[in-house]
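Secondary and tertiary structure notes
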Amino acid sequence: MFLKKNTFKFLLLTVILSVVLSACGTAAAPAAPAAPAAPAAFGQASCAPNCTYKDMVMCYPQLGAESDWRTANTASFKDQAAKDGFQLVFSDAQQKQENQISAVRACIQQGVSVIALPPVVEDGWDAVLTEAKNAGIPVIIVDRSVSADPSLYVSHIGSDMKLEGERAAEEFNKKFPNGAKILELSGTTGSGAAVGRAEGFRAKLNKNIEIIDSQTGNFTRAEAVPVMQAFLQKYKPGTDFQGIFIHNDDMGLGAIEALKAAGVKPGDLFIVSVDGTRGGFQAMIDGWFQADVECNPLLGPQVAEMALKLMNGQPIDKNVLTNETVYYPDKAAELLPSRKY
Ligand code: AHR
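Report follows, based on the coordinates. From a predicted model like this one, the values you see are computed outputs, not experimental measurements.

The next point concerns the state of the cysteines. Enumeration according to the criterion identifies 2 disulfides in this entry. Across a sulfur-sulfur distance of 2.0 Å, Cys-47 and Cys-51 are joined as a disulfide pair. One disulfide, between Cys-47 and Cys-51, carries an S-S torsion of 100° and so falls in the right-handed class. On the accessibility criterion, Cys-51 (6% relative accessible area) is buried. Residue pairing for Cys-59: its cysteine sulfur links by disulfide to Cys-107, the two sulfurs lying 2.2 Å apart. Across the disulfide from Cys-59 to Cys-107, rotation about the S-S bond amounts to roughly 75°, and the bridge is consequently right-handed. Taken together, the positions of Cys-59 in strand β1 (residues 57–62) and Cys-107 in helix α3 (residues 97–110) put the pair 48 residues apart, joining distant regions of the chain. Across the pair, exposure class does not vary: Cys-59 and Cys-107 are buried alike. Shown here for the chain is a disulfide pattern of 1-2, 3-4, where each number marks a bonded cysteine counted in sequence order.

Laid out in structure tokens, this is it:
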């Protein structure tokens, strides 16, 4: 009994002592260092994760107003800003890269939330993109591509220009299985759209179809007219060439003016254009274009959504390509009334 009593006291003392000691030990131990906060995603705004469109200032240094496609693209951004309620800092560079670079620099100075840049040409963006990056402003490349290192911009949203060229080539391959001679009316020299379309076209075109000449009409209707006139001075339609690949509908409409004036009739030549504007649809209805490869300008909604994600520190895709198709004369009249551009 005596032994049991002492054993019990001893055990009790041991328990109390160990509790006290462990308590002292806990108190004396250095506090564990707090886990470091995750670094903010590039482009994340101070309002994250609750930013709304009201917090957004988007810079859109538009490259110009050279075509109906471009007009629709501008409207898409302006309409989206009005709908969502974000501020759009818009400018028109009149197809001059130096104007676009100045506009980007002004937006960096202003400290906009995001820059959405539709580059007129592919090269020459490294310096200004580095300046934007150093200022912590994310740049989304819109529509055409740039040759700059992809680390200098956060994403590209636009068409697969190479695929558009391939699709155009497939139309010529189907029409001329035994070969043909054709002309190319190309877009702005050095632009992602013209480079991609020319590359895709050549990659897919059958070897028995020869591009006998290629000149730029700078994506405008006005500049395409003299280019087509010069072609017609050099080459006889139907004899020297049977078809024309035209990089956009506006140039196609300019070419039609010159062809009409030279007495060429709809259907005398096989003409494939790019864009799918209302003008292009009308040219298919009138028998001038035999196919129109779609290039969708309505990019405002997608770009705005991505910009808001960036501001809220959410992940985004690096390259977002627009889903497009090819239009033909047989459906042109039915589809024209519903065309948005
Ligand atoms: O970059 C898109 C191209 O630019 C369109 O095909 C053309 O119409 C525009 O000017």
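Bringing the environment of Met-58 into the picture now. Here Met-58 is to be found in strand β1. Placed 29 residues apart in sequence, Met-58 and Gln-87 show a C-alpha to C-alpha distance of 6.1 Å. Beyond its immediate sequence surroundings of up to four residues, Met-58 is in contact with Phe-77, Phe-86, Gln-87, Leu-88, Val-89, Val-114, Ala-116, Val-303, Ala-304 and Ala-307.

Moving on to the pattern of salt bridges. Applying the stated criterion across every chain, the model contains 11 salt bridges. Between Arg-105 and Glu-131 there is a salt bridge, with the nearest N and O atoms lying 2.7 Å from each other. Separated by 26 residues along the polypeptide, Arg-105 in helix α3 and Glu-131 in helix α4 (residues 126–134) bring together distant segments of the chain. Residue Arg-197 is joined to Glu-164 by a salt bridge in which the shortest nitrogen-to-oxygen separation is 2.8 Å. Remark: Glu-164 occurs in helix α5 (residues 161–175) and Arg-197 occurs in helix α6 (residues 192–204); sequence separation between them is 33 residues.

Between its first and last C-alpha atoms helix α2 (residues 68–84) spans 24 Å; for 17 residues at 1.5 Å apiece the expected length is 24 Å, and the two agree. Buried within α2 we find Trp-69, Arg-70, Ala-72, Asn-73, Thr-74, Ser-76, Phe-77, Gln-80, Ala-81 and Asp-84. Two residues or fewer after α2 comes Gly-85, characterised by a positive phi angle close to 90°.

Before going further, it helps to examine empty space enclosed by the protein. The tally for this structure, following the rule as stated, stands at 1 cavity of 30 Å³ or more. Each pocket or cavity is described by its volume, and for the largest cavity that value is around 100 Å³. As for the largest cavity, its lining consists of 13 residues, and the residues nearest its centre are Trp-69, Arg-70, Arg-144, Phe-219 and Asp-275. Among the elements of the structure, α2 and α6 are those that each provide at least two residues to the lining of the largest cavity.

Here we come to the packing of aromatic side chains. Counted according to the given criterion, the structure contains 9 aromatic pairs. Both rings, one in Phe-201 and one in Phe-245, keep their centres 4.2 Å apart while their planes meet at 20°; by these two values the pair is stacked. Residue Phe-201 is located in helix α6, and its partner Phe-245 is located in strand β8 (residues 243–246); the two are separated by 44 residues in the primary sequence. There is no split in this pair, since Phe-201 and Phe-245 are both buried. Here a set of aromatic residues connected by ring pairs shows up, and it is made of Phe-172, Phe-176, Phe-201, Phe-245 and Phe-270. Of note, Lys-318 hangs over the ring of Tyr-153, and the distance from its end group to the ring centre comes to 5.1 Å.

Reading the values: rules and limits
- Residues numbered from 1 in each chain as written.
- Predicted model: local features only at pLDDT ≥ 70, side-chain atom pairs only at ≥ 80, totals over all residues.
- Heavy atoms only, no water.
- Disulfide = S-S within 2.5 Å.
- Buried < 20%, exposed > 50% of the residue type's maximum accessible area, 1.4 Å probe, protein only.
- Helix = DSSP H or I, 4+ residues; strand = E, 2+ residues; numbered from the N terminus.
- Contact = heavy atoms within 4.5 Å.
- Salt bridge = Lys/Arg side-chain N within 4 Å of Asp/Glu carboxyl O.
- Expected span 1.5 Å × (residues − 1).
- 1 Å grid on protein atoms, 1.4 Å probe; cavity = no way out; pocket = protein on both sides within 12 Å on 5 of 7 lines; lining within 4 Å.
- Points joined across faces, edges and corners; volume = space filled by probe spheres on them.
- Phe/Tyr/Trp six-rings, centres within 6.5 Å; stacked < 30°, edge-to-face > 60°.
- Lys NZ or Arg CZ within 6 Å of the ring centre and 35° of its normal.

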